Amino acid sequence: MKRILDACCGSRMFWFDKDCQDAVFMDNRRLNTELCDGRRLVIEPDVVADFRAIPFEDGSFYLVVFDPPHLLHAGKNSWLAKKYGLLGENWREDLKQGFCECMRVLNPNGTLIFKWCEEQVATGQILSLIDYKPLFGHRRGKTIFLVFMK
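Residues numbered from 1 in each chain as written. Predicted model: local features only at pLDDT ≥ 70, side-chain atom pairs only at ≥ 80, totals over all residues. Heavy atoms only, no water.

J.: Looking at this structure, I do not really get the sheet that holds strand S7 (residues 106-117). What am I missing?
T.: To summarise the sheet geometry, strands pair through backbone hydrogen bonds and adopt either a parallel or an antiparallel arrangement. A sheet is described by the order of its strands in space; here seven strands give the open sequence S5-S2-S1-S6-S7-S9-S8, paired in mixed fashion. Two strands in the sheet have a free side with no partner beyond their single neighbour: strand S5 (47-48) and strand S8 (136-140). Helix H2 (residues 91-104) contacts strand S6 (61-66), S7 and strand S9 (143-149) of the sheet and is inclined by roughly 145° relative to S7. (Pairing = 2+ DSSP bridges. Helix = DSSP H or I, 4+ residues; strand = E, 2+ residues; numbered from the N terminus. Contact = heavy atoms within 4.5 Å. Axes fitted to C-alpha atoms, helices over the stretch in contact; angles between N-to-C directions.)

J.: Looking at this model, I keep getting lost on the packing of aromatic side chains. Mind explaining?
T.: One pair of aromatic rings is described through two measures. These are the centre distance and the angle between the planes. Across all of its chains, the model carries nine aromatic pairs by this definition. Ring geometry for phenylalanine 14 against phenylalanine 145: centres 5.9 Å apart, planes inclined by 90°, an arrangement best described as edge-to-face. With phenylalanine 14 in the loop between strand S1 (4-6) and strand S2 (23-27) and phenylalanine 145 in strand S9, the pair connects residues that are 131 residues apart, well separated along the chain. Given a relative accessible area of 29%, phenylalanine 145 falls into the partly exposed group. Judged by centre distance (4.8 Å) and plane angle (50°), the ring pair of phenylalanine 99 and phenylalanine 114 falls under tilted. A residue pair is termed long-range when its members are at least 10 positions apart, and phenylalanine 99 in helix H2 and phenylalanine 114 in strand S7 qualify at 15 residues. In this structure an aromatic cluster arises from ring pairing among Phe51, Phe66, Phe99, Phe114, Trp116 and Phe148. In this structure, arginine 12 is placed above the aromatic ring of phenylalanine 25, and the distance from its NZ or CZ to the ring centre is 3.7 Å. (Phe/Tyr/Trp six-rings, centres within 6.5 Å; stacked < 30°, edge-to-face > 60°. Buried < 20%, exposed > 50% of the residue type's maximum accessible area, 1.4 Å probe, protein only. Lys NZ or Arg CZ within 6 Å of the ring centre and 35° of its normal.)

J.: I'm lost on the pairing of strand S4 (residues 40-43) in this one. Help?
T.: Successive residues of a regular strand alternate their side chains across the two faces of the sheet. The side-chain alternation of S4 yields one buried face, formed by Leu41 and Ile43, and one unburied face, formed by Arg40 and Val42. Two elements, strand S3 (residues 31-34) and S4, share four bridges in a ladder whose sense is antiparallel. Within the sheet, the bridge partner assigned to threonine 33 lies in S4 and is leucine 41. Taking the residues between adjacent antiparallel strands as the criterion, S3 and S4 are bridged by five residues, where glycine 38 takes a positive phi near 95°.

The values are spatial; any link to function lies outside them.
Here it is as structure tokens:
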């Protein structure tokens, strides 16, 4: 069994090794399209599944990466929506459920890396939805990485 789950891999933008053999790349969509500037956007997960219902057993991974959609407002067919995904009407409950699922599939003492962009929703709003507290994190501009331990 692989040790890492990327629960919302998208195009694997921040991975140095986009084909990491120790990771399962999961997303709720497959996409191969050209963006408005001519670049290709390829979303090709190993597993197509929803982060609200992760199809793995409890305690399956040592590390989970959770980089869910963070946009509430973007054109449905815009390059932003294609690249980053859109939050739905029930985004608060969706993200809360996503955290619960990510924690569920973590081994005891496993690590969750949460990536969020505060372009439209502040990180504090997300943290108020969940019962988990980050150990530490790093902010660069509007993007923040937070580290949780189960």
